[in-house]
Amino acid sequence: MSKFFTTSEDLLEKVNEKFEETGLASYGVNLKVMSTKKAKDAVKVSKVSETAQFILKKESMISLCLYEAVLERLDEEAIDMLIEMALSNVSYDMDKDKLNVDSNPYNQIFRMRKKYGEMVINTLELVSIIMLEIEEEEKERKQAEKEAKKNKKNSDI
């Protein structure tokens, strides 16, 4: 089972819209969007390695990984905010002709708080709660499967 899968069309459209708004595409930054079944962040941006960029024959590439199970439980405004927050970590230094990705998690919160106020903190808290719910649901599902397997084994005897 693969850790990554193709992102749904509606989310992909949202990401591309936000990416265009940032203006990064005009600097030649390339974006690859993917989704995952499990992650520590609902939306995470990363700089693609030099090796992967060589293989893909693309320069200045970033990847955006979406935890779709979390995003499915959020409203449109929260999803937009999370995508924008992740993309706010990316900048292009024209003087050095270099792509930069800020890895300090606090900076994105500070940037977004300036724009959205405390609403961004509330959204992040909601994301955290949803992630805990998904984790708990997964534990319960595994426990139920284990019980079902045990009951089937006992009924076969």
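Scroll up a little and you will see the structure.
Draft legend 1. Broad picture of the overall build of the chain. Counting secondary structure elements, the chain contains six helices and six strands. For 157 residues, the compact-globule estimate of 2.2 N^0.38 gives 15 Å, and the chain exceeds it by more than 25% at 19 Å. Once the C-alpha set of the chain is aligned to its principal axes, its extents read approximately 75 × 40 × 25 Å. The buried share of the chain, taken over its 157 residues, is 31%. When contacts within the chain are restricted to residue pairs at least 6 apart in sequence, those whose partners lie at least 24 apart make up 70%. When the accessible area of the chain is evaluated, it comes to approximately 10,800 Å², of which 52% is carbon and sulfur surface. On the chain, the mean spot of the 26 positive side-chain charges and the mean spot of the 31 negative ones are 8 Å from each other.

What counts, and where the lines are drawn
Residues numbered from 1 in each chain as written. Predicted model: local features only at pLDDT ≥ 70, side-chain atom pairs only at ≥ 80, totals over all residues. Heavy atoms only, no water. Helix = DSSP H or I, 4+ residues; strand = E, 2+ residues; numbered from the N terminus. Rg over C-alpha atoms; globule rule 2.2 N^0.38 Å. Buried < 20%, exposed > 50% of the residue type's maximum accessible area, 1.4 Å probe, protein only. Contact = heavy atoms within 4.5 Å. Areas by Shrake-Rupley, 256 points an atom, 1.4 Å probe, with all protein chains shown as cover. Lys, Arg positive; Asp, Glu negative; His and termini not counted. Charge placed at Lys NZ, Arg CZ, Asp CG, Glu CD.

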